[in-house]
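Coordinates in review
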Amino acid sequence: FSFGQDKAGAEKLVDEGVAYHDKGDYEGAISRYDKALELDKDNLLALAEKAFSLVSIQKYDEAISSCQKAMTAHPGDKGLKTVYVTYGNALDGIKKTDRSIEIYDEGIQQFPDYYQLYFNKGISLSSVKKYDEAIVCFQKSSMLNPKHASSHNAIARLSNINNKRIPSLLA
């Protein structure tokens, strides 16, 4: 009994952490997530949200560690789709763009209908000037979520870079 996990208490702390994050208090959010992890050591949402807050304050190595722990503890869980995005973003933050693209590809393999994986992969590809590959990612993202304005904006920007004015305007 003394080793039991308090899932409900952890979820309450995660909710508090999200509120702190939304107010821009990332350290306060991380503190709540750490307390949640004390109650439920492998809580996926706490690990995912902690990684997201860590990326927000550019603590990329810690974010990567949190993502890896989540992926190890919860293989195949649907909640990992956002963890793959955060993991890729953290790798981009430490200038490991090739590895970030690999992580997005792993995520896409598991969650082929999650538009954010394609969008973020496109961002990474465009940062290394692989514009044609990036446009394909942004197109896939916009097909999966037609209301994602940033995907359309990215298509327009890259089309403009490639001097394709009409596709740029249409996007």
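Structure first, text after, so check above.
Here's a quick rundown of the structure. (Residues numbered from 1 in each chain as written. Predicted model: local features only at pLDDT ≥ 70, side-chain atom pairs only at ≥ 80, totals over all residues. Heavy atoms only, no water.)

A separate point is the overall build of the protein chain. For the protein chain, the helix and strand inventory stands at ten helices and zero strands. Secondary structure elements of the protein chain, listed N to C terminal, follow the sequence α-α-α-α-α-α-α-α-α-α. Along the first, second and third principal axes, the C-alpha set of the protein chain runs to 65 × 30 × 30 Å. Out of the 171 residues belonging to the protein chain, those deemed buried represent 45%. Counted over contacts in the protein chain with a minimum sequence separation of 6, partners at least 24 positions apart contribute 47%. Total accessible area computed for the protein chain in this model is approximately 9600 Å², and 52% of it derives from carbon and sulfur atoms. (Helix = DSSP H or I, 4+ residues; strand = E, 2+ residues; numbered from the N terminus. Buried < 20%, exposed > 50% of the residue type's maximum accessible area, 1.4 Å probe, protein only. Contact = heavy atoms within 4.5 Å. Areas by Shrake-Rupley, 256 points an atom, 1.4 Å probe, with all protein chains shown as cover.)

Counting residues in each nonpolar core, the largest one holds 35 residues, and the members touching the most others are Leu-80, Val-83, Tyr-84, Tyr-87 and Leu-117. Among the secondary structure elements, those contributing two or more residues to this core are α1 (7-22), α2 (26-39), α3 (44-56), α4 (60-73), α5 (80-93), α6 (97-110) and α7 (115-127). Listed in part, the eleven residues of the second largest apolar core include Ile-101, Ala-134, Ile-135 and Cys-137. (Core = buried A, V, L, I, M, F, W, Y, C linked by side-chain atoms within 4.5 Å.)

What is meant by a disulfide is a covalent connection between two cysteines, made through their sulfur atoms. What the rule picks out here adds up to zero disulfides. Its sulfur unpaired, Cys-67 is 19 Å from the next cysteine sulfur, which belongs to Cys-137. The exposure class of Cys-67 is buried, given its relative accessible area of 1%. Owing to a relative accessible area of 7%, Cys-137 belongs among the buried residues under this scheme. (Disulfide = S-S within 2.5 Å.)

A positive phi angle, close to 60°, is found at Gln-58, a residue other than glycine. A relative accessible area of 58% means that Gln-58 is categorised as exposed. Backbone geometry places Lys-95, a non-glycine residue, at a positive phi of 65°.

Across all of its chains, the model carries nine salt bridges by this definition. Lys-12 is the salt-bridge partner of Glu-16, the closest N and O atoms lying 3.0 Å from each other. Highlighted residues: Glu-16 and Lys-12, both in helix α1, separated by four residues, approximately one helical turn. Taking relative accessible area as the criterion, Lys-12 reaches 55% and is therefore assigned exposed. The partner of Glu-27 in a salt bridge is Lys-59, and the shortest N-O contact between them spans 3.5 Å. Within this pair, whereas Glu-27 is found in helix α2, its partner Lys-59 is found in the loop between α3 and α4, the two being separated by 32 residues in sequence. The class of Glu-27 is partly exposed, set by a relative accessible area of 47%. By relative accessible area, which is 33% here, Lys-59 ends up partly exposed. (Salt bridge = Lys/Arg side-chain N within 4 Å of Asp/Glu carboxyl O.)

With that settled, consider α2. Spanning 14 residues, α2 covers 20 Å between terminal C-alpha atoms, matching the ideal 20 Å at 1.5 Å per step. By the burial criterion, the buried members of α2 are Gly-28, Ala-29, Ile-30, Arg-32, Tyr-33, Ala-36 and Leu-37. At its buried positions, α2 is contacted by α1 and α3. (Expected span 1.5 Å × (residues − 1).)

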